[in-house]
Amino acid sequence: MRLMLYAVLALGAIALLMSVLSWVAERRLEALAASYITDDPARLPDVPVALVLGAAPIGPEGGPNRYFVYRLDAAAALYKAGKVKYLLVSGDNSRRNYDEPTAMRGGLIERGVPAEAIYRDFAGFRTLDSILRAESVFGQTRLIVVSQRFHLSRAIFLAREQGIEAWGFEAQDVKRAYSLMTELRRYPSALRAYVDVWFDTPPKYTGARIVIGKDPPN
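It should be emphasised that the depicted structure is a prediction, and the values quoted were computed from it without experimental measurement.

Novice: I would appreciate a short explanation of the nonpolar core in the present structure.
Specialist: As a rule of thumb, soluble globular proteins bury nonpolar side chains together. Core analysis: the biggest nonpolar cluster contains 28 residues, and L78, L87, L108, I144 and V146 have the highest contact counts within it. Those elements that provide at least two residues to this core are β2 (49–53), α2 (66–80), β3 (86–90), α3 (100–110), β5 (142–147) and β6 (165–170). Looking at this core, the element that brings in the most residues is α2, giving eight residues. Excluding residues that lie within four positions of it along the chain, I144 makes contacts with L44, P45, V47, V49, A50, L51, L78, V84, W167 and F169.

See the structure below:
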């Protein structure tokens, strides 16, 4: 019984430590990235490509995912402001009937972005993959990342640690998260970003090079 109690206390101490480290990591990422993030296109440099980070098109309530909708709104506004020439939409297409990049492309076309200005990355399974593949597959070393602020902090950190000059264009945030898990997962994700940098984690997939602006949109 005493050994079981010690084991429970040890697990609780580890869980508490990981929670504190995750919170500190998230706060640190936000501070490091703050000067690179804005919701005003005029404060961003002109670069060829903006990377739009993926999200599920349909939310848990069964309607359009507000994170997804607001990211596309922001990406279209950035394009129409003339800050970028192309949009690289990166998301998950790991299942035949689930295709974030194509849904993002369709939503951007509905918002007035021409199809020839949109490239798709079908292997953006998580933020790290999207950032690393933007450089290794699509050849971008300067880019604007589009997402909500909590997500941008992590993306900007990963990009700049990789040597990519990155800025963030902040999409409208969701006023009330879909669930407590949706709200809290940013903290372990922030800690994981540090681990990925420390261990130089590669993307899950690489792939043939695609030259944005020269190769036809995929």
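Additional details are given in the paragraphs that follow.
Novice: How should I be thinking about unusual backbone geometry in this particular structure?
Specialist: A negative phi angle characterises most non-glycine residues, just as the trans form characterises most peptide bonds. Here the phi dihedral of D200 falls at roughly 50°; this positive angle occurs in a residue that is not glycine. Along the chain, D200 turns up in the segment after α7 (186–198).

Novice: Please clarify how the pattern of salt bridges should be interpreted in this entry.
Specialist: A side chain with one charge can pair with a side chain of the opposite charge if their charged atoms come near. The tally for this structure, following the rule as stated, stands at eight salt bridges. A salt bridge links D121 to R133, with the nearest nitrogen and oxygen atoms 2.8 Å apart. Remark: R133 occurs in helix α4 (residues 127–136) and D121 occurs in strand β4 (residues 118–121); sequence separation between them is twelve residues. When its relative accessible area of 1% is taken as the criterion, D121 is described as buried. Where salt bridges share partners, they join E26, R27 and E30 into one cluster.

Definitions and cut-offs
- Residues numbered from 1 in each chain as written.
- Predicted model: local features only at pLDDT ≥ 70, side-chain atom pairs only at ≥ 80, totals over all residues.
- Heavy atoms only, no water.
- Core = buried A, V, L, I, M, F, W, Y, C linked by side-chain atoms within 4.5 Å.
- Buried < 20%, exposed > 50% of the residue type's maximum accessible area, 1.4 Å probe, protein only.
- Helix = DSSP H or I, 4+ residues; strand = E, 2+ residues; numbered from the N terminus.
- Contact = heavy atoms within 4.5 Å.
- Salt bridge = Lys/Arg side-chain N within 4 Å of Asp/Glu carboxyl O.

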